Amino acid sequence: MILNADNMKPIYIQIAEWLEVEILNNNLQADERIYSQYQLADMFTINPATAAKGLNLLADEDIVYKKRGLGMFVSPNAKQFILTKRRKQVLEQMIKELVIESKRLGVSENELIKMILAFKPVGKEEEEL
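Residues numbered from 1 in each chain as written. Predicted model: local features only at pLDDT ≥ 70, side-chain atom pairs only at ≥ 80, totals over all residues. Heavy atoms only, no water.

Student: Please explain the pattern of salt bridges as it appears in this structure.
Tutor: Pairing is possible between side chains that carry opposite charge, provided their charged atoms lie close to one another. Counted under the stated rule, the structure contains 5 salt bridges. A salt bridge links Lys 85 to Glu 20; its shortest N-O distance comes to 2.4 Å. Of this pair, Lys 85 sits in helix H4 (residues 78-104) while Glu 20 is found in helix H1 (residues 11-24), placing the two residues 65 residues apart along the sequence. Relative accessible area serves as the criterion here: at 14%, Lys 85 is assigned to the buried category. A salt bridge links Glu 20 to Arg 86, with the nearest nitrogen and oxygen atoms 3.0 Å apart. In this pair, Glu 20 is assigned in helix H1 and Arg 86 in helix H4, connecting sequence segments 66 residues apart. On the accessibility criterion, Glu 20 (3% relative accessible area) is buried. Arg 86 gets classed as partly exposed once you look at its relative accessible area, which sits at 23%. Connected through shared salt-bridge partners, Glu 20, Glu 61, Lys 85 and Arg 86 make up one network. (Salt bridge = Lys/Arg side-chain N within 4 Å of Asp/Glu carboxyl O. Helix = DSSP H or I, 4+ residues; strand = E, 2+ residues; numbered from the N terminus. Buried < 20%, exposed > 50% of the residue type's maximum accessible area, 1.4 Å probe, protein only.)

Have a look at this one:
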């Protein structure tokens, strides 16, 4: 992953989201130790405090938990929590914007549904599924 300093999202949020994707893709499993703030700082050439902020964001959401002296670990229910959170926050927002834009363009509800059902991901889009 490449962090985007020009992105509207702060770096620490990009770090947290990257770790969430790693969990969703089963690259990090429940109760598995995750990267430390220093490992993340080295991987992405960022300040360790920024990496720690991303990790703490995940800890605050119970996606990871801390073991004193050992580091942070993926919570047993992390994957389900992330899926629920993303469905609620991301998909609902995207759907809202899609519906609003389709109305602006004069696309009917049935036509929009047909477009969604007809969509077939290819290449990189397919890998992200």
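Student: Can you walk me through the packing of aromatic side chains in this structure?
Tutor: How two aromatic rings sit relative to each other is set out by the distance from centre to centre and by the angle between their planes. Overall, the coordinates contain 3 aromatic pairs when judged by the stated rule. For the ring pair Tyr 65 and Phe 73, a centre distance of 5.9 Å and an interplane angle of 25° mean the geometry is stacked. You can call Phe 73 buried: its relative accessible area is 9%. Ring-pair connections join several aromatic residues into one group, and the members of that group are Trp 18, Tyr 35 and Phe 44. Lying across the ring of Tyr 12, Lys 53 places its NZ or CZ 4.4 Å from the centre. Here Lys 67 stacks its cationic end above the ring of Phe 73, 4.6 Å away from the centre of that ring. (Phe/Tyr/Trp six-rings, centres within 6.5 Å; stacked < 30°, edge-to-face > 60°. Lys NZ or Arg CZ within 6 Å of the ring centre and 35° of its normal.)

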